[in-house]
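# Remarks on the overall topology
As a plain string of letters, each chain reads:
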Amino acid sequence: MSLHITFRLSQSDLDYFKGVMQRARENAKDISEQRIIESAKQLLKKVDQSDSTDFIRDHIGQLDTLINMVVDEGWGLIEEDRERVLSALTYFSEPHDLIPDDTPALGFLDDAIMIEIVCKALEHEIQAYTEFLEFRIAETNRRGDEAHEVQRADWLEQRRQQLHTRMRRRRDGQTDSNKTKSPFSLF
């Protein structure tokens, strides 16, 4: 049996979390990109080794996608987009977040809430990256081992550029296929 609970964050709630994120970014301004990524990976590992709820595990698991967006050389985010994702990951490099991680049952709840907010703010980036992964797998399977690396780079680069363009257009408020800009932004 499972119970689906939905809750809404008011504008003042969102403003609060936006302020928390801004403070985390300010505190992390001298932290290297590698350290930010390692901190997010450590959080994933801590949650995996904890007795956290499925709700927390499911939400924190989304960090893996954000980390991969930054480290996947094939995806090749331009600096502006890369900074948006890294900026989102800074909260998870904060050792003293809203609820200390070692608090039984609730320690990762703030992280789960923040990752949900982050994923909403980066929904176009995440959607484009997911489609890129699907395309890369499908094309690799279709072309088989005979696909030369140069050819692979050509077809992959073309699709990557299409998805990056669409991602930015959607994020910047231009619509296509009835998709609209998120009313909330952490950035």
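Given the structure is predicted, the values throughout are model-derived calculations rather than measurements.

## Observations regarding the overall build of the chain
Within the chain, the secondary structure is distributed over eight helices and zero strands. Secondary structure elements in the chain, listed N-terminal to C-terminal, are α-α-α-α-α-α-α-α. The contacts of the chain with a sequence gap of at least 6 include a subset with a gap of at least 24, amounting to 71%.

## Topic: the nonpolar core
By size, the foremost hydrophobic cluster in this structure holds 42 residues, and its most contacted members are L63, L66, W75 and L89. At the level of elements, α1 (11-27), α2 (33-49), α3 (54-60), α4 (63-71), α5 (79-89), α6 (109-121), α7 (123-143) and α8 (149-171) are the ones that each hand at least two residues to this core. Broken down by element, the residue count for this core peaks at seven residues, all from α6. Other than its neighbours up to four places away in sequence, L89 contacts I36, A40, L63, L66, I67 and V70.

## Points about the pattern of salt bridges
Taken as a whole and judged by the stated rule, the model has 16 salt bridges. Between E38 and K41 there is a salt bridge whose closest N-O contact spans 3.9 Å. A residue pair is termed a helical-turn pair when its members lie 3 or 4 positions apart in one helix, as E38 and K41 do in helix α2 at three residues. A residue is classified by how much of its surface remains accessible, and K41, at 37% relative accessible area, is partly exposed.

## So, the packing of α6 against α7
The N-to-C vectors of α6 and α7 enclose an angle of 75 degrees; their axes lie 4 Å apart at closest approach. Comparing the axis directions of α6 and α7 gives the class roughly perpendicular. For the pair formed by α6 and α7, the contact residues are C119, K120 and A121 on the first element and E123, E125 and I126 on the second. Among the residues forming the contact of α6 with α7, the class breakdown is three nonpolar, no polar and three charged.

## Description of the side chain of D101
Position of D101 relative to the elements: it lies in the loop between α5 and α6. On the basis of relative accessibility, which here comes to 18%, the residue D101 falls in the buried class. Setting aside its immediate chain neighbours within four residues, D101 contacts L43, K46, G107, F108 and D111.

## Some remarks on the confidence of the model for the chain
Low pLDDT means the predicted atomic positions in that stretch should not be read closely. Scored by pLDDT, the chain has a mean of 84; 86% of the residues are at 70 or more. No element of the chain has a lower mean pLDDT than α8, at 79, and none a higher one than α4, at 96.

## Describing α4
Every α-helix winds through 3.6 residues per turn, so residues three or four apart in the chain are directed the same way. Inspection of α4 places L63, L66, I67, M69 and V70 among the buried residues, and these make up the whole buried set. For α4, the angular spread of buried residues about the axis comes to 155 degrees, placing them on one side. Buried residues along α4 sit in contact with α2, α3, α5, α6 and α7.

## A look at the environment of L133
One can find L133 in helix α7. Take L133: its relative accessible area is 27%, and that puts it in the partly exposed class. As for L133 and W75, which are separated by 58 residues in sequence, their C-alpha atoms are 8.6 Å apart.

## Observations concerning the packing of aromatic side chains
Tallied over the entire structure, the rule returns four aromatic pairs. Centroid distance W75 to F132: 5.0 Å. Interplanar angle 50 degrees. Geometry classified as tilted. Taken together, the residues W75 in the loop between α4 and α5 and F132 in helix α7 connect sequence positions 57 residues apart. Judged on exposure class, the residue W75 and its partner F132 are both buried. Cluster of aromatic residues (ring-pair linked, three or more members): W75, Y129 and F132. The ring of F135 is capped by R159, whose NZ or CZ atom sits 5.8 Å from the centre of that ring.

The rules behind each value
- Residues numbered from 1 in each chain as written.
- Predicted model: local features only at pLDDT ≥ 70, side-chain atom pairs only at ≥ 80, totals over all residues.
- Heavy atoms only, no water.
- Helix = DSSP H or I, 4+ residues; strand = E, 2+ residues; numbered from the N terminus.
- Contact = heavy atoms within 4.5 Å.
- Core = buried A, V, L, I, M, F, W, Y, C linked by side-chain atoms within 4.5 Å.
- Buried < 20%, exposed > 50% of the residue type's maximum accessible area, 1.4 Å probe, protein only.
- Salt bridge = Lys/Arg side-chain N within 4 Å of Asp/Glu carboxyl O.
- Axes fitted to C-alpha atoms, helices over the stretch in contact; angles between N-to-C directions.
- Parallel < 35°, antiparallel > 145°, perpendicular 65-115°, else oblique.
- Nonpolar A, V, L, I, M, F, W, Y, C, P; charged D, E, K, R; others polar.
- pLDDT = per-residue confidence, 0-100.
- Arc of directions from axis to C-beta.
- Phe/Tyr/Trp six-rings, centres within 6.5 Å; stacked < 30°, edge-to-face > 60°.
- Lys NZ or Arg CZ within 6 Å of the ring centre and 35° of its normal.

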